[in-house]
Amino acid sequence: MATIVDRQNPFKTSLSTKFLWLGLFVYLAYAFTTLDIGWDRFVLGLDQGGRLLDRLFPPNFTRWELLLHDLIESLQIAIIASVAGIFISLFVGLMAARNMMPNVISIPVRVFIALCRTFHPVIIAILFVKAVGFGALAGILTLTVASIGFVAKLFAEAIEEISFKQVEAIRATGAGFISTIVFGVIPQVFSRFIGFSIYQLDSNLRNSTMVGIVGAGGLGGTLFSAFQRFDYDFVTAILLAIIALILVGEALSNLVRRIFQ
Amino acid sequence: MKADAVMTPVSHATESPKWQRFTLGQRSARYMVYLIIVMSFFASLRTVEIIPEFLLDAPEQLADMFRRMWPMDFAAYPTTIHGAMLDTLHIATLGTLLSLILAVPLALMNANNIVKSSLVNWIAKFFLVASRSVNSLIWALLFVAIFGPGVLAGVLAVALRSVGFVGKLFSEALEEVNMGSVEAIRATGASFTSVLIKAYWPQAKPAFFSILLFRWDINVRESAVLGLVGAGGIGVVLNDAMNLFQWPKVAMVLTTIFAVVLLIEFIVVQVRKRLM
């Protein structure tokens, strides 16, 4: 007969893991009590949600001219902001790369990039709406700043990872600084740069439909006012337009990605 | 760019081969992309409705705004901002945790090495994409309409937006799992749940926590603005202060958000270092 040996479990959970779980549960209990999220409120909301769904459908496309106008404006904001932001990122990213530039230049530039990244685009949009007034211009500036924060950071990181042998080889031929960049650095990071840029174009397209909520042009403003006027069937129409725009954008960026591999 | 760097044509007299990195088709496809981008850029620039004069006095306006913001309203921090900022952190954390309820099952359904049926994969992918393509502010608008203004709408908005992100990345991590240990555990006659817990989970665990932390970091940033549409947290305070033109208070709110975001990023970097 086989005897059952009472071995110790070799994978016992450590004490710190147990404390982590305990802490998590204590936090959850605390958060639920402070936030006043009740079950009855949730149930009440579900009832409300049913009524909302009822009013959301069918979508109302009677004001399609306004919808189309805003859709085009969103598209324009996304395209201009992406091209401008990516173009600026080329230089900013190069200046932020620690292996290409002395600390005197790279540190302030890195701080600038970090500043661009910390704030959510909507907060940047609020500041630009104050500075340049309502409309597409505020949206363009906002998304340009957001693009710099993302593309320049990743571009700088890509440049920092390059092999320096090619750069030295180009330098050894007596090439100047610009030739070194163009023939030694850019070819090594070009395909990754294209990748970041496509990603950013995609995310600018998404964000351009949102910055309008604070008045920076595009579909967001119309969406927000439709919500405030309880125009829920028009809301559905706008949401469908946004989803269509994003799906088309995704398909196009996949195509471009395939062309550049 | 890379293409024309090596494209120098060589005269036929020397008869040396002409080296090209890309075929003619590839090159023309690339130039088409460049051309379309440049054309759409200029087309947008010509038709977009902007008033150039507004751009000219932008520096003046910005300077004016910063002058109004200074000195910051430090007195507002203990009375309103502190509590609202805590609410924002709660929204982000609860939203991230709540998203797991939907994200984990969808990730399992989406991973084609766990569920073999391509129909199920496709259904899961549809929900993940739908969750991702709607911005969290728009989710918040919907939930404010359903549950009324407040923290609950914010938590649900953050959760539903996170489902797509966490689910997609987690299912990618699951698909990268080494199938050897999965087969070994299956060969012992283990049930589906045991295979999940003992074969998939230990391999996907580091990625899972790393994804969750990453999303939490993003959610803190996003939940700071959800209040602009009434979904609770610091955004409500920001919105009120702006509507009342209380610029010193706006500056204090922005500084608080900045500090918290930096702190969160620091924590995430530290925790990730321990995890890896």
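## A few points about the interface of chain A and chain B
Next up, step 1: Counting residues at the interface gives 57 residues for chain A and 64 residues for chain B.
Next up, step 2: At the boundary of chain A with chain B, total buried surface from both sides reaches about 5600 Å², with 77% on carbon and sulfur atoms.
Next up, step 3: Connecting chain A to chain B are one salt bridge.
Next up, step 4: In this structure, A:Lys130 and B:Asp64 form a salt bridge, with 3.7 Å as the shortest nitrogen-oxygen distance.
Next up, step 5: The interface formed by chain A and chain B includes four residue pairs in polar contact (both at pLDDT 80 or more).
Next up, step 6: Residue composition of the side of chain A that touches chain B, by class: 42 nonpolar, 10 polar and five charged.

## Digging into the environment of B:Gly150
Next up, step 1: Along the polypeptide, B:Gly150 turns up in the loop between helix H7 (136–147) and helix H8 (151–175).
Next up, step 2: Here the alpha-carbon distance between B:Gly150 and B:Gly233, two residues 83 residues apart in the chain, equals 8.1 Å.
Next up, step 3: With residues near it in sequence (within four places) discarded, B:Gly150 still touches A:Arg41, B:Gly230, B:Ala231 and B:Gly232.

## Examining the packing of aromatic side chains
Next up, step 1: For the structure on display, the rule yields 18 aromatic pairs over all chains.
Next up, step 2: Judged by centre distance (5.9 Å) and plane angle (75 degrees), the rings of A:Phe227 and A:Tyr232 are edge-to-face.
Next up, step 3: Assessed through its relative accessible area of 6%, A:Phe227 is described here as buried.
Next up, step 4: Both rings, one in B:Trp201 and one in B:Phe208, keep their centres 5.2 Å apart while their planes meet at 70 degrees; by these two values the pair is edge-to-face.
Next up, step 5: The class for B:Trp201 is partly exposed, based on a relative accessible area of 30%.
Next up, step 6: Take B:Phe208: its relative accessible area is 9%, and that puts it in the buried class.
Next up, step 7: Ring pairs connect the aromatic residues B:Phe170, B:Trp201, B:Phe208 and B:Phe209, which therefore count as one cluster.

## Observations regarding the domain arrangement of chain B
Accessible area lost when the parts come together is the quantity often used to give the size of an interface.
Next up, step 1: Taken domain by domain, chain B consists of domain 1 (2–47) and domain 2 (72–275).
Next up, step 2: The C-alpha-based centres of domain 1 of chain B and domain 2 of chain B are spaced at 43 Å.

## Regarding the side chain of A:Thr142
All names here are of chain A.
Next up, step 1: Topologically, Thr-142 is positioned in helix H6 (residues 136–160).
Next up, step 2: You can call Thr-142 buried: its relative accessible area is 0%.
Next up, step 3: A polar contact is formed between the side chain of Thr-142 and the backbone oxygen of Ala-138, at a distance of 2.7 Å.
Next up, step 4: What Thr-142 contacts, discounting residues up to four positions off in sequence, is Pro-121, Ile-124, Ala-125, Phe-128 and Val-211.

## Some words on the packing of H7(B) against H8(B)
The angle between the axes and the distance between the axes are what describe a pair of packed helices.
Residue and element names in this part refer to chain B.
Next up, step 1: The geometry of H7 relative to H8 is characterised by a closest axis approach of 8 Å and an angle of 140 degrees between their N-to-C directions. The angle between H7 and H8 falls in the class oblique. Read as a crossing pair, H7 and H8 show a hand that is right-handed. Across from Ser-136, Trp-139, Ala-140, Phe-143, Val-144 and Phe-147 in H7, the residues of H8 making contact are Leu-152, Ala-153, Leu-156, Ala-157, Leu-160 and Arg-161.
Next up, step 2: Taken together, the residues that form the contact of H7 with H8 break down as 10 nonpolar, one polar and one charged.

## Here's the deal with helix H10 (residues 232–260) of chain A
Next up, step 1: Compared with the 42 Å implied by 1.5 Å per residue over 29 residues, the 42 Å span of H10(A) between its first and last C-alpha is a close match.
Next up, step 2: In the stretch just after H10(A), A:Gln261 is the one whose phi turns positive, near 50 degrees.

## Quick word on a nonpolar patch on the surface
All names here are of chain B.
Next up, step 1: Taken together, Trp-201, Phe-209, Leu-263, Phe-266, Ile-267, Val-271 and Leu-275 make up a surface patch of nonpolar side chains, about 590 Å² in accessible area.
Next up, step 2: Within the residue set of the nonpolar patch, elements represented by two or more residues are helix H10 (192–226) and helix H12 (247–275).
Next up, step 3: Per-element tally for the nonpolar patch: the top contributor is H12, with five residues.
Next up, step 4: You can see Leu-275 is positioned in helix H12.
Next up, step 5: Judged by its relative accessible area of 35%, Leu-275 is partly exposed.

Thresholds applied
- Residues numbered from 1 in each chain as written.
- Chains lettered and ligands numbered in written order.
- Predicted model: local features only at pLDDT ≥ 70, side-chain atom pairs only at ≥ 80, totals over all residues.
- Heavy atoms only, no water.
- Contact = heavy atoms within 4.5 Å.
- Buried area = accessible area lost by both parts, 1.4 Å probe.
- Salt bridge = Lys/Arg side-chain N within 4 Å of Asp/Glu carboxyl O.
- Polar contact = N/O pair within 3.5 Å; in protein donor to acceptor, adjacent residues only side chain to side chain.
- Nonpolar A, V, L, I, M, F, W, Y, C, P; charged D, E, K, R; others polar.
- Helix = DSSP H or I, 4+ residues; strand = E, 2+ residues; numbered from the N terminus.
- Phe/Tyr/Trp six-rings, centres within 6.5 Å; stacked < 30°, edge-to-face > 60°.
- Buried < 20%, exposed > 50% of the residue type's maximum accessible area, 1.4 Å probe, protein only.
- Domains from an automatic or database assignment.
- Axes fitted to C-alpha atoms, helices over the stretch in contact; angles between N-to-C directions.
- Parallel < 35°, antiparallel > 145°, perpendicular 65-115°, else oblique.
- Left-handed = near helix turned anticlockwise from the far one by under 90°.
- Expected span 1.5 Å × (residues − 1).
- Patch = residues over 30% accessible without salt bridge, like charges linked within 9 Å, V, L, I, M, F, W, Y side chains within 5 Å.
- Areas by Shrake-Rupley, 256 points an atom, 1.4 Å probe, with all protein chains shown as cover.

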